[in-house]
Amino acid sequence: GQLRLVGVEYVVPRDLWTSPEKPRLFGRELQPNGFGLFALHVWLWRDNPSEEGIYADWNPTVSCRYAPPAHAVRAGGHR
């Protein structure tokens, strides 16, 4: 296997957002998550069969099975 870019996640730190309304992008509200962020997932390079499609939080056809360990990425060990 190999790593491929299949989508992007747009994020806004919740503690920096000053509007009473949630941030919006592409006509969609970014949703709060457990990491202190507002987030919007966009599956641009992989179809998503789930009901929400391109803007779903998860894509059942995508796996992180071949991703390197997080410590290897932080240490610059994966290129």
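None of these values were measured; they are calculated from a predicted model. Throughout this description, residue numbers start from 1 for each chain and increase along the sequence as written. In keeping with the predicted nature of the model, local features appear solely for residues at pLDDT of at least 70, side-chain atom pairs appear and are counted solely at 80 or more, and the whole-chain, interface and lining totals rest on all residues. Excluded from the side-chain calculations are hydrogens and water; all other atoms, namely the structure's heavy atoms, are used.

1. What to know about unusual backbone geometry
With a phi close to 55 degrees, F26 is a non-glycine residue in the positive phi region. Going along the chain from the N terminus, every DSSP run of H or I of four or more residues is numbered as a helix, and every run of E of two or more is numbered as a strand. With respect to the secondary-structure elements, F26 resides in the loop between strand 2 (24-25) and strand 3 (28-29).

2. Some thoughts on the sheet that holds strand 5 (residues 37-42)
Pairing is antiparallel in the open sheet, where three strands are placed in the order 1-5-4. Every interior strand has two partners, whereas the edge strands, strand 1 (8-13) and strand 4 (31-32), have only one. A pair of strands counts as paired when DSSP detects no fewer than two bridges linking them. Alignment of strand 4 against strand 5, held across two bridges, turns out to be antiparallel. Paired with Q31 across the bridge in strand 5 is A39.

3. Describing a negative patch on the surface
A contiguous patch of negative charge on the surface is contributed by E9, E51, E52 and D57. For E52, the position within the fold is in the loop between strand 5 and helix 1 (70-74). For patch building, the residue pool is restricted to those with more than 30% relative accessible area and no salt bridge; the joining distance is 9 Å between like charges and 5 Å between nonpolar side chains (Val, Leu, Ile, Met, Phe, Trp, Tyr). Computed with a 1.4 Å probe, the accessible areas rest on the Shrake-Rupley method; for each residue, only the protein chains presented here act as cover. A side-chain nitrogen of Lys or Arg and a carboxyl oxygen of Asp or Glu constitute a salt bridge if their distance falls within 4 Å. In this charge count, Lys and Arg are treated as positive and Asp and Glu as negative; neither His nor the chain ends contribute. Each charge is placed at NZ for Lys, CZ for Arg, CG for Asp and CD for Glu.

4. Topic: the pattern of salt bridges
One pass over the structure, following the stated rule, counts two salt bridges. Between K22 and E29 there is a salt bridge, and its shortest N-O distance comes to 3.9 Å. Judged by its relative accessible area of 33%, E29 falls in the partly exposed class. Between R24 and E29 there is a salt bridge; the shortest N-O distance is 3.9 Å. Salt bridges sharing common partners tie together K22, R24 and E29. A 1.4 Å probe rolled over the protein chains alone gives each residue an accessible area, and that area as a share of the maximum for its type sets the label: buried under 20%, exposed over 50%, partly exposed in between.

5. Considerations on the layout of surface pockets
Where empty space is left becomes clear once a probe the size of a water molecule has been rolled over the atoms. Empty space within the largest pocket amounts to approximately 650 Å³. R4, V6, V62, S63 and C64 are the residues nearest the centre of the largest pocket, which is lined by 23 residues in total. At the level of secondary structure, the elements contributing two or more residues to the lining of the largest pocket comprise strand 1 and strand 5. Note on residue classes: Ala, Val, Leu, Ile, Met, Phe, Trp, Tyr, Cys and Pro are nonpolar, Asp, Glu, Lys and Arg are charged, and everything else, Gly too, is polar. Here the residues of the lining of the largest pocket sort into 11 nonpolar, seven polar and five charged. In this analysis the probe radius is 1.4 Å and the grid spacing 1 Å, with only protein atoms considered; a cavity is a set of points the probe fits into but cannot get out of, a pocket is an open set with protein on both sides within 12 Å along at least five of seven lines, and lining residues have an atom within 4 Å of a point. Grid points are joined across faces, edges and corners, and a volume is the space filled by probe spheres set on the points.

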